[in-house]
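One-letter residues, chain by chain:
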Amino acid sequence: MVDLFAGCGGLTLGAAEAANGNGLAVDVRLAVDFEDAAIRVFKANFPSAKTQVAAVEALFDGDLGAELSSPERGVARSVGDLDLLVGGPPCQGHSSLNNHTRRADPKNRFYLRMARAAEVLRPRVVIIENVPAVVHDSEGVVDRATAALTASGYAVTNSVVELVHLGVPQKRRRHVLVGVRAEHVSDEFDVATLLRAGTGRARTLRWAIGDLEQHDSTAWTDLPSRASDENLARMRWLIENRKYDLPNSLRPRCHQGEHSYVSMYGRLKWHEPAQTITSGYGSLGQGRFMHPSLCRTLTPHEAARIQGFPDYFTFDSAVTRTELAVIIGNAVPPALAATLVRRLIAAQVFATPGPDPLQSESGGDEFAP
Ligand SMILES: C[S@@+](CC[C@H](N)C(=O)[O-])C[C@H]1O[C@@H](n2cnc3c(N)ncnc32)[C@H](O)[C@@H]1O
């Protein structure tokens, strides 16, 4: 497989989990990100992967539909035959959390680099992950990517996926586009079924981090950010008054009139999925990131758990807490690629045996509550 805009490798980890569950393994021929810290974490977790700190647009620099450029021919030669191309291009430009630059951000064009990479590498499957608002992009990147992939012989589907339906203990919605090279699926196979919702029951925050409440660890990933006296007082008020939303009178002055920031300065609930984890998980003023029962915000370990990273995944090669927060907040929950790749393996898209019914848990790709 190849992972572009790879971050720490949430998509790769999901694909690896699905492969391992079916007696297969992933061979990461190339993972690219222009942030050194992200690639260090990727490499620490996938030591045999070929990684590169580079701008994706420097490796895939040709126009859609054009002849391969010389850098593109080089990458295609070194990657060779490819089953799976995945990528989550930067999405701040589309995000509804960013109203000012939304829809006119040059970052949106990185989405089309994924379609170009598919033209160059000709994988059996391409998966592009993004924020739901990408469909409103002023340059129509989803439609343009779909048209380019269709012209290259892919059957393409796209949809918004509620990750909570795939076992992620978090209210996170993502836009996913999947293209499967038509010659690798039977005529009856409907690619749209790849993006169907799972049927497991939603997992709660307690499921994800309940065991860490009394966790006695001095590892840096288990230490919460230090709160200001003001924020400590706010958190104490929420616990003492058994409230989850901070009243306006206790908020900073700019939140005291009409506002739509109810979740900011909020406390999480044990019995619900968490809100979307962002790089602000350590800051009370950046979302509902207060621990449900303790006077502190989430630790990096807890945020990674809520994203779906298992404890064996190491973030130790990130150097600063800020780098770590960006890496964890940017990550794609592995459950997304895990579900898709399990379904692709079951559909025999990769020309490997389908899942062994004796080994597959709870009837295939569904998660247990
Ligand atoms: C949404 S994150 C990707 C998360 C990752 N796919 C995962 O599964 O965890 C986007 C990543 O793209 C990287 N990035 C942004 N622009 C880039 C570019 N032009 N070339 C390479 N990497 C880039 C960022 O550093 C960031 O790590």
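Residues numbered from 1 in each chain as written. Predicted model: local features only at pLDDT ≥ 70, side-chain atom pairs only at ≥ 80, totals over all residues. Heavy atoms only, no water.

A closer look at the site of the ligand
Surrounding the ligand, one finds 19 residues, the nearest of these being Leu11, Asp33, Val56, Glu57 and Val332. Residue Val56 places a main-chain N or O atom 3.0 Å away from a nitrogen atom belonging to the ligand. Measuring from an oxygen atom of the ligand, one finds a backbone N or O atom of Val332 at 3.0 Å. When isolated, the ligand has an accessible area of 600 Å², and the protein chains bury 95% of it. Looking at the shell around the ligand, the elements with two or more residues in it are helix H1 (10-20) and helix H3 (56-59). The class makeup of the residues in the shell around the ligand is 11 nonpolar, five polar and three charged. (Near = heavy atom within 4 Å. Polar contact = N/O pair within 3.5 Å; in protein donor to acceptor, adjacent residues only side chain to side chain. Areas by Shrake-Rupley, 256 points an atom, 1.4 Å probe, with all protein chains shown as cover. Helix = DSSP H or I, 4+ residues; strand = E, 2+ residues; numbered from the N terminus. Nonpolar A, V, L, I, M, F, W, Y, C, P; charged D, E, K, R; others polar.)

Structural notes on the packing of helix H9 (residues 300-307) against helix H10 (residues 321-330)
Between H9 and H10, the shortest axis-to-axis distance is 10 Å and the interhelical angle comes to 15°. As far as their axial angle goes, H10 and H9 are roughly parallel. In this structure, the crossing between H9 and H10 has a hand that is left-handed. Facing Pro300, Ala303, Ala304 and Gln307 of H9, the residues of H10 in contact are Arg321, Leu324, Ile328 and Gly329. (Axes fitted to C-alpha atoms, helices over the stretch in contact; angles between N-to-C directions. Parallel < 35°, antiparallel > 145°, perpendicular 65-115°, else oblique. Left-handed = near helix turned anticlockwise from the far one by under 90°. Contact = heavy atoms within 4.5 Å.)

Observations regarding the nonpolar core
Residues Leu84, Val125, Ile127, Val178, Val180, Tyr281 and Phe315 are the most contacted members of the largest nonpolar core, which totals 62 residues. The two domains that each donate at least three residues to this core are domain 1 (2-201 + 331-346) and domain 2 (205-330). Apart from the residues lying within four places of it in its own chain, the contact partners of Ile127 are Leu84, Leu85, Val86, Gly87, Met114, Val176, Leu177, Val178, Leu340 and Leu344. Residues Val2, Val75, Val120 and Ala148 belong to the second largest nonpolar core, which totals 32 residues. (Core = buried A, V, L, I, M, F, W, Y, C linked by side-chain atoms within 4.5 Å. Buried < 20%, exposed > 50% of the residue type's maximum accessible area, 1.4 Å probe, protein only. Domains from an automatic or database assignment.)

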